[in-house]
Amino acid sequence: MSAFDKVKTGISDSFEVSSTSGSLSKGLGSLLLLILVAMGIVGYLWDSEPDQFDVVALTAAETEKVGARVVRGSTTVAATIGIANQLLHKRGGYLTNDVFPPGIWMDNVPNWEFGVLVQIRDMARTLRNNLSRSQSQSTEDIGLVTAENQFYFDSDSWMLPASEDEYDRGIIALEDYLARLGALDQPSAQFYARADNLQTWLSEVETRLGSLSQRLSASVGKRQLNTALAGDPAATQSTSSQPETELKTPWTELDDVFYEARGTTWALLHLLRAIEIDFKDVLEKKNALISLRQIIRELEPTQDTLWSPVILNGDGLGVLANHSLVMGAHISRANAAIIDLRRLLTEG
């Protein structure tokens, strides 16, 4: 072979290698693009909140499932179970502890989940400490002790154990309590629908909504006076604080607070509807049933469809909307109504 032929052959071989390498790169690039598109579609499908459910229908289904009667307290317990099941088994499942795409890239639904989880925890604690006990010296229900402990497990544990597994055990414990509550041969499992018990839970709700209202209103920034010791001339605190502070939610956290509030109110709507049934006699005696229904009315708009692809943060009466302020307004009105309801339960 002549020198010219050797050079020609070498160039030809190099071209074929380069062509093969280019084809391989294009193939890998196309595959990567396809994977990203698929993840985007899955993320879009998962980025949704579950619809509200009928607490009466759910109570009938849950009590039939565990073979129990519908008695006082069944609706509240069944609603808590339903909320927990939706938290874990909605479309996309539980996303807070995801470590792989697209779940790890998502933050709206995980913040919604945290708002729901806080309400489950508060109700589980109230069931254990108040609603299932006749007085402070009475014995705790072992099943509710388990339920509360399980729901207080770390919310972002991926494995060993996974958060979902622990919360599923909490659901099982609540189902066991529901079964014993409606069984004729299990008198130890009780639900006491008293005004003081309802006030205890409403106090928890009032605190949660008050905090959310403040965080939502801080979306535009505001100056706030320190009123921590107001009304008590003898009151003190551990360390001194500024008489006036500037509160403003970072723009990167606006959607986080908004979706946490949306999850909180979603769960609260179901619990309040259940409370209306289980505490109907108490509320009617205190002439407070209409007040509870008004709280539900105030919270219902928080679940309206959000048409904007992003959470807008307009300034007060500016051109753009401020979704945080709208959500905060509904929550503030509901919180004020809860304060009135608690007063009625005390004095009515």
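Please refer to the structure placed before this passage.
Residues numbered from 1 in each chain as written. Predicted model: local features only at pLDDT ≥ 70, side-chain atom pairs only at ≥ 80, totals over all residues. Heavy atoms only, no water.

A. Local environment of the packing of helix H4 (residues 108-131) against helix H8 (residues 254-278). Viewed as axis vectors pointing N to C, H4 and H8 meet at an angle of 40 degrees, and their least axial separation amounts to 7 Å. As the angle between them shows, H4 and H8 are arranged oblique. Viewed along their axes, H4 and H8 form a crossing whose handedness is right-handed. Contacts from Asn108, Asn111, Trp112, Phe114, Gly115, Val116, Gln119 and Met123 in H4 reach Asp255, Asp256, Tyr259, Glu260, Arg262, Gly263, Thr264, Trp266, Ala267, Leu268 and Leu271 in H8. Of the residues contributing to the contact of H4 with H8, the split by class is nine nonpolar, six polar and four charged. (Axes fitted to C-alpha atoms, helices over the stretch in contact; angles between N-to-C directions. Helix = DSSP H or I, 4+ residues; strand = E, 2+ residues; numbered from the N terminus. Parallel < 35°, antiparallel > 145°, perpendicular 65-115°, else oblique. Left-handed = near helix turned anticlockwise from the far one by under 90°. Contact = heavy atoms within 4.5 Å. Nonpolar A, V, L, I, M, F, W, Y, C, P; charged D, E, K, R; others polar.)

B. Spatial organisation of helix H6 (residues 163-181). Between its first and last C-alpha, H6 extends 27 Å over 19 residues, near the 27 Å set by a 1.5 Å rise per residue. At its buried positions, H6 is contacted by helix H2 (55-66), helix H3 (74-89), H4 and helix H5 (142-151). (Expected span 1.5 Å × (residues − 1).)

C. Focus on H8. The terminal C-alpha atoms of H8, which comprises 25 residues, lie 36 Å apart, in line with the 36 Å expected from a rise of 1.5 Å per residue. Summarising burial for H8: 23 of the 25 residues are buried, a large majority. (Buried < 20%, exposed > 50% of the residue type's maximum accessible area, 1.4 Å probe, protein only.)

D. Broad picture of the side chain of Ser155. Mapping Ser155 onto the fold places it in the loop between H5 and H6. Setting aside residues no more than four positions away along its own chain, Ser155 makes contact with Tyr94, Thr96, Asn97, Leu117, Arg121, Ser163 and Tyr167.

E. Highlighting the side chain of Asn108. Residue placement: Asn108 occurs in helix H4. Leaving out residues up to four positions away in the same chain, Asn108 has contacts with Asp47, Asp255 and Tyr259.

F. Representation of the environment of Leu344. Note on placement: Leu344 falls in helix H11 (residues 323-347). C-alpha of Leu344 to C-alpha of Gln199: the two residues are 145 residues apart in sequence and 9.9 Å apart in space. Setting aside anything within four residues of it in sequence, one finds Leu344 in contact with Lys286, Asn287, Ala288 and Ser291.

G. Molecular detail of the environment of Asp315. With respect to the helices, strands and loops of the structure, Asp315 is situated in the loop between helix H10 (289-299) and H11. In this structure Asp315 comes out as exposed when scored by relative accessible area, which is 59%. Between the C-alpha atoms of Asp315 and Ser219, which are 96 residues apart in sequence, the distance is 8.8 Å.

H. Highlighting unusual backbone geometry. With an omega dihedral of 0 degrees, the bond running from Pro101 to Pro102 counts as a cis peptide bond. Tracing the backbone through its elements, the reader meets Pro102 in the loop between H3 and H4. At the junction of Leu160 and Pro161, the peptide bond is cis and its omega measures out at -10 degrees in the coordinates. Mapped onto the elements, Pro161 comes out in the loop between H5 and H6. Unlike most non-glycine residues, Leu160 shows phi in positive territory, near 55 degrees. Summarising the element assignment, Leu160 is placed in the loop between H5 and H6. Even without being a glycine, Asn287 presents a positive backbone phi close to 55 degrees. You can call Asn287 exposed: its relative accessible area is 62%.

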